[in-house]
Amino acid sequence: MSAVTDRLPTFPWDKLEPYKKTAAAHPGGIVDLSVGTPVDPVPDLIQKALIAAADSPGYPTVWGTPALRDAITGWVERRLGAREVTHRHVLPIVGSKELVAWLPTHLGLGPGDRVAYPRLAYPTYEVGARLARAEYETYDDPTQLNPEGLKLLWLNSPSNPTGKVLPKDELTRIVAWAREHGILVFSDECYLELGWDADPVSVLHPDVNGGSYDGIVAVHSLSKRSNLAGYRAAFLAGDPAVLAPLLEIRKHGGMMTSSPTQAAVIAALGDDTHVQEQRERYLTRRTALREALVAHGFRIEHSEASLYLWATRDESCWKTVAHLADLGILVAPGDFYGEAGEHFVRVALTATDERVRAAVNRLS
């Protein structure tokens, strides 16, 4: 086991424990804005679908029920503007994090192969490359990378942690470059339905991919849009030539979404009302926190989408973390997401209205 664990970095969140204790000691209690975990109720129609499917004694299939695949293909076409999406173009997964962590291994990557991801990024992209013993590197513009040996290119729009959105023409340019060099593109679009000052576009849109899914796969999650982080519900959509072998590998590995969760996903993807209601909750919290942070001396960069504010006081991120912890507010240091974030903190919108009001009062 040590041979595997030795490949991994220190789990970043462990470093926050002392600051969490400081924040928790505040007389008014901690306001935890460090992790983007949903706190609002699971919508009633989704809970009912889960309960109705609770009597599921048999094994589920890795590919999911035909009804689940219908729900995914229908949503991808309706919401993302994709065209001619069939069951072969989709694959359920057990939450998006396990996919990110194990994708390089499942693709057969290893020493000598390269994986690239944004300079500021979700740490699990690096973890996935490390687990596969592949090489990894970051980029500002992926088309400036050396394409030789580059086997997997991660895109992330809207970005975690910055909330930056890649415009349609930028996505189009990157996809064309990757195809020219035979590089597989996986686009992490888990925050796509949470655009505020921008309208995020998927790589599955025909304006981006020219009507072809060759060499591209999008990753989507129901954790944020439907408050289903506890359900572990996500899916892939894109190139069937990529998804078919992944399906076979996942069959052998028993990586299957539970039958009740599949039923819940069908209900969630078939309803847009609860998504809009949740967006309104986050928008209200975002507006209040943004105004309070700016008034407190912060500058907000990007943050045009997603569930975070990317904030700085032009000082060490750990100094900012300590300052806010003294106010009973816990945030994530920017260097969790790469050295380029060393002067920033990530402030999550995922706290109750009462806790957000507490943070706003303390900041003012």
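Residues numbered from 1 in each chain as written. Predicted model: local features only at pLDDT ≥ 70, side-chain atom pairs only at ≥ 80, totals over all residues. Heavy atoms only, no water.

## Overview of the packing of aromatic side chains
In this description, an aromatic ring pair is defined by two values, namely the gap between the centres and the angle between the planes.
Turning to step 1, where the next piece is worked out: Going through the model one piece at a time under the given rule, you end up with 12 aromatic pairs.
Turning to step 2, where the next piece is worked out: Ring centres of W13 and F336 lie 5.1 Å apart, and the angle between their planes is 80°; this geometry places the pair in the edge-to-face category. Taken together, the residues W13 in the loop between α1 (2-5) and α2 (17-24) and F336 in the loop between β12 (332-333) and β13 (344-348) connect sequence positions 323 residues apart.
Turning to step 3, where the next piece is worked out: Here W154 and F186 contribute two aromatic rings whose centre-to-centre distance is 5.6 Å and whose plane-to-plane angle is 65°, an arrangement assigned as edge-to-face. With W154 in strand β5 (residues 150-156) and F186 in strand β6 (residues 184-188), the pair connects residues that are 32 residues apart, well separated along the chain. When sorted by exposure, W154 lands in the same class as F186, which is buried.
Turning to step 4, where the next piece is worked out: Put simply, the rings of W13, Y19, W310, W318, F336, Y337 and F344 touch in pairs and so form one group of aromatic residues.
Turning to step 5, where the next piece is worked out: The ring of F298 carries the charged tip of R313 above its face, separated from the ring centre by 5.7 Å.
Turning to step 6, where the next piece is worked out: Residue placement shows R346 over the ring face of Y308; its charged tip is 3.8 Å from the ring centre. (Phe/Tyr/Trp six-rings, centres within 6.5 Å; stacked < 30°, edge-to-face > 60°. Helix = DSSP H or I, 4+ residues; strand = E, 2+ residues; numbered from the N terminus. Buried < 20%, exposed > 50% of the residue type's maximum accessible area, 1.4 Å probe, protein only. Lys NZ or Arg CZ within 6 Å of the ring centre and 35° of its normal.)

## Remarks on the layout of surface pockets
Turning to step 1, where the next piece is worked out: For the largest pocket, the calculated volume is near 1,300 Å³.
Turning to step 2, where the next piece is worked out: For the largest pocket, the lining is made up of 48 residues, of which W13, K97, Y122, P123 and T124 are closest to its centre.
Turning to step 3, where the next piece is worked out: Counting only elements with at least two residues in the lining of the largest pocket, the list comes to α5 (96-106), β3 (114-118), α6 (124-131) and β4 (135-139).
Turning to step 4, where the next piece is worked out: For the lining of the largest pocket, the element with the most residues is α6, which contributes 6 residues.
Turning to step 5, where the next piece is worked out: Split into classes, the residues belonging to the lining of the largest pocket amount to 25 nonpolar, 11 polar and 12 charged.
Turning to step 6, where the next piece is worked out: Of the pockets and cavities examined, the second largest pocket occupies roughly 360 Å³.
Turning to step 7, where the next piece is worked out: The wall of the second largest pocket is formed by 20 residues, among which P118, L120, Y139, D140 and K164 lie closest to the centre.
Turning to step 8, where the next piece is worked out: Within the residue set of the lining of the second largest pocket, elements represented by two or more residues are β5 and α7 (168-180). (1 Å grid on protein atoms, 1.4 Å probe; cavity = no way out; pocket = protein on both sides within 12 Å on 5 of 7 lines; lining within 4 Å. Points joined across faces, edges and corners; volume = space filled by probe spheres on them. Nonpolar A, V, L, I, M, F, W, Y, C, P; charged D, E, K, R; others polar.)

## Considerations on empty space enclosed by the protein
Turning to step 1, where the next piece is worked out: This model, assessed by the stated rule, comprises 3 cavities of 30 Å³ or more.
Turning to step 2, where the next piece is worked out: Its boundaries defined by the atoms lining it, the largest cavity holds a volume of some 80 Å³.
Turning to step 3, where the next piece is worked out: Along the wall of the largest cavity there are 13 residues; nearest its centre are C190, E193, H220, S221 and R225.
Turning to step 4, where the next piece is worked out: Looking at side-chain class alone, the lining of the largest cavity contains 7 nonpolar, 2 polar and 4 charged residues.

## Brief notes about helix α13 (residues 353-363)
Turning to step 1, where the next piece is worked out: If you check which residues of α13 are buried, you get R355, V356, A358, A359, R362 and L363. Buried residues of α13, viewed axially, fall in a sector of 155°; they line one side. Across α13 from its buried face, at more than 90 degrees, point the exposed residues R357 and N361.
Turning to step 2, where the next piece is worked out: The secondary structure elements touched by the buried residues of α13 are β1 (31-32), α11 (273-295), α12 (317-326) and β11 (329-330). (Arc of directions from axis to C-beta. Contact = heavy atoms within 4.5 Å.)

## A look at the environment of A132
Turning to step 1, where the next piece is worked out: By the secondary structure assignment, A132 is in the loop between α6 and β4.
Turning to step 2, where the next piece is worked out: With relative accessibility at 10%, the residue A132 sits in the buried group.
Turning to step 3, where the next piece is worked out: It is 7.8 Å that separates the C-alpha atoms of A132 and P111, two residues lying 21 residues apart in sequence.

## What to know about the packing of α2 against α12
Turning to step 1, where the next piece is worked out: It is at 7 Å that the axes of α2 and α12 come closest, and there the two elements cross at 25°. With respect to α12, the axis of α2 lies roughly parallel. Seen from α2, the contacting residues are Y19, T22 and A23; seen from α12, they are W318, V321, A322, A325 and D326.
Turning to step 2, where the next piece is worked out: Taken together, the residues of the contact of α2 with α12 break down into 6 nonpolar, 1 polar and 1 charged. (Axes fitted to C-alpha atoms, helices over the stretch in contact; angles between N-to-C directions. Parallel < 35°, antiparallel > 145°, perpendicular 65-115°, else oblique.)

## As for the side chain of R285
Turning to step 1, where the next piece is worked out: As for its position among the elements, R285 is in helix α11.
Turning to step 2, where the next piece is worked out: Since its relative accessible area comes to 3%, R285 is described here as buried.
Turning to step 3, where the next piece is worked out: Aside from chain neighbours lying at most four places away, what touches R285 is V39, D40, Q278, L349, A351, T352, D353 and V356.

## Overview of the pattern of salt bridges
Turning to step 1, where the next piece is worked out: Across all of its chains, the model carries 20 salt bridges by this definition.
Turning to step 2, where the next piece is worked out: Note that D113 and K151 form a salt bridge whose closest N and O atoms lie 2.9 Å from each other. Of this pair, D113 sits in the loop between α5 and β3 while K151 sits in strand β5, and the two are 38 residues apart along the sequence.
Turning to step 3, where the next piece is worked out: Judged by relative accessible area, D113 falls into the buried class, the value being 13%.
Turning to step 4, where the next piece is worked out: Here D197 makes a salt bridge to R286, at a shortest N to O gap of 3.0 Å. One end of the pair, D197, is in the loop between β6 and α8 (206-209); the other, R286, is in helix α11, and 89 residues separate them in sequence.
Turning to step 5, where the next piece is worked out: Overlapping salt bridges, with partners in common, bring together D40, R285 and D353 in one network. (Salt bridge = Lys/Arg side-chain N within 4 Å of Asp/Glu carboxyl O.)

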